[in-house]
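Inside the fold
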Amino acid sequence: MSRSVRTRPEGSGQALSEAYDTALLDLDGVVYAGGNAIAHAVESLATAREGGMRLAYVTNNALRTPDTVAGHLTELGIPTGAEDVITSAQAVARLISEQVPQSARVLVIGGEGLRVALRERGLVPVESADDDPAAVVQGFGGPDLPWGRFAEASYAVARGVPWFASNTDLTIPSGRGIAPGNGAAVEVVRIATGAEPQVAGKPLPPMHRETILRTGARRPLVVGDRLDTDIEGAFNGEVDSLLVLTGVTDGAQLLAAPPQHRPTYVDADLRGMLGGQPDVVEAGGGFRCGGWTATAGTDRLELDGEGEALDGLRALCAVAWTAAGEGVCELDGGKALARLGL
């Protein structure tokens, strides 16, 4: 993918599952929601896999081990091995291992996923700032993580011990709503120490590097539901991306996306991997996709025609992104999106 400014979603005459050798799939909001499989996910992934596409599951959640994640996916009807799961714990463990001696002690503020990943790199997890750690690593520890763990991190970081974070997602979805994520916990230590951690997870390059090293992908496709992690991660890794609308991103957010948050392709769900993607072409001073033509009015985006709602959204994206260039479109797209039911 070019780093030039994207001004429209791209088309593909070939099924995405055939055009790319590996799908790098986010989990929550893409494959499952609240622990349950999203509609069409199980059968779509099975079809892609049977056609020869490798499936890899890439998560910023550092709490669960790859074995645990693989077991959950298999229970949902998606046969998965631990080798198919890449976590931010693995990415940050590699980052640490490149900067400290072999068998170094690492103070862990988080869960089992971090400890397993550190041991895989030959590092020794410890629990106290007084254990002479060579590094501090912080990852999501779940709702039962004691407050005293943040104090241990703060003591070590204040002494000058290098500080690492698996990711800095401020929130995470839960069955009861939105909960604080690891980024919120990182803020506690930042406030206490004034320090800044090295971060490994999406959308930063260490996470993308980890996925490529572990999968051997030559032509990967990032599949996600979040613009600021999945799609920006693909942008930073200079690879193509598919945004699915089964998670947190809605039409208005997509129209307002800055360049680093603009996906290569847009589709409703994982069935979008199994077919081609329609072309978005210039027409009548605007852009056309399928039966829809979108143009820029004085203060809002205009939409004319009929057909598949997603085609209308793709045409609107082309107008909004072109008008915005390297910024964010300020034209109101609410009326047009409402017409599409988005």
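The preceding data block contains the structure.
Attention in this report is confined to the structure presented alongside it. Here the structure is a predicted model, which is why all the values come from computation and not from measurement.

Regarding the pairing of strand E1 (residues 22–25)
Covered by surrounding structure in E1 are Thr 22 and Leu 24 together with Ala 23 and Leu 25, the residues of both alternating faces. Inspection of the sheet shows E1 paired to strand E4 (residues 54–59) by four bridges, in the parallel sense. Across the sheet, Leu 25 pairs through a bridge with Tyr 57, a residue of E4. Direction of pairing for E1 relative to strand E13 (residues 220–224): parallel, over a ladder of four bridges. Pairing of Thr 22 across the sheet is with Pro 220, part of E13.

With respect to helix H2 (residues 41–50)
Residues of H2 that are buried: Ala 41, Ser 44, Leu 45, Ala 46 and Ala 48. Each element contacted by the buried residues of H2 is listed here: helix H1 (16–19), E1 and E4. Immediately downstream of H2, the backbone of Gly 52 shows phi near 105 degrees, a positive value.

Description of the sheet that holds strand E16 (residues 281–283)
Strand pairing in a sheet is mediated by backbone hydrogen bonds. Such pairs are either parallel or antiparallel. The four strands lie next to each other as E16-E17-E18-E19, forming an open sheet whose pairing is antiparallel. Edge strands, defined here as strands with exactly one partner in the open sheet, are E16 and strand E19 (301–305). Shown here is a sheet whose adjacent strand axes are inclined to one another by a mean of 30 degrees, direction ignored. Strands in contact with helix H11 (residues 309–324) are strand E17 (286–289), strand E18 (292–296) and E19; relative to E18, the strand with the most contacts, it is inclined by about 25 degrees.

Focus on the packing of helix H4 (residues 88–97) against helix H8 (residues 205–215)
At a minimum axis separation of 9 Å, H4 and H8 run at an interaxial angle of 100 degrees. In terms of orientation, H4 lies roughly perpendicular with respect to H8. Contacts between H4 and H8 involve Ser 88, Gln 90, Ala 91, Arg 94 and Leu 95 from the first element and Pro 206, Met 207, Arg 209, Glu 210, Leu 213 and Arg 214 from the second. Residues belonging to the contact of H4 with H8 are distributed by class as follows: five nonpolar, two polar and four charged.

Brief notes about the state of the cysteines
A complete count under the given rule lists zero disulfides for this structure. Take Cys 289: it sits in no disulfide, and the sulfur closest to it among the cysteines is that of Cys 317, at 9.9 Å. Cys 317 supplies the cysteine sulfur nearest to Cys 329, a cysteine that is in no disulfide, at a spacing of 10 Å. Judged by relative accessible area, Cys 329 falls into the buried class, the value being 13%.

With respect to unusual backbone geometry
In this structure, Pro 203 follows Lys 202 across a cis peptide bond, with omega equal to 10 degrees. Note that Pro 203 resides in the loop between strand E12 (198–199) and H8. For His 40, which is not glycine, the phi torsion reads 75 degrees and is therefore positive. Assignment of secondary structure puts His 40 in the loop between strand E3 (36–37) and H2. Residue classification places His 40 among the partly exposed positions, given a relative accessible area of 29%. Backbone geometry places Glu 238, a non-glycine residue, at a positive phi of 60 degrees. With respect to the helices and strands, the residue Glu 238 is situated in the loop between helix H9 (227–237) and strand E14 (240–244). In this structure Glu 238 comes out as partly exposed when scored by relative accessible area, which is 43%.

Reading guide: rules and limits
Residues numbered from 1 in each chain as written. Predicted model: local features only at pLDDT ≥ 70, side-chain atom pairs only at ≥ 80, totals over all residues. Heavy atoms only, no water. Buried < 20%, exposed > 50% of the residue type's maximum accessible area, 1.4 Å probe, protein only. Helix = DSSP H or I, 4+ residues; strand = E, 2+ residues; numbered from the N terminus. Pairing = 2+ DSSP bridges. Contact = heavy atoms within 4.5 Å. Axes fitted to C-alpha atoms, helices over the stretch in contact; angles between N-to-C directions. Parallel < 35°, antiparallel > 145°, perpendicular 65-115°, else oblique. Nonpolar A, V, L, I, M, F, W, Y, C, P; charged D, E, K, R; others polar. Disulfide = S-S within 2.5 Å.

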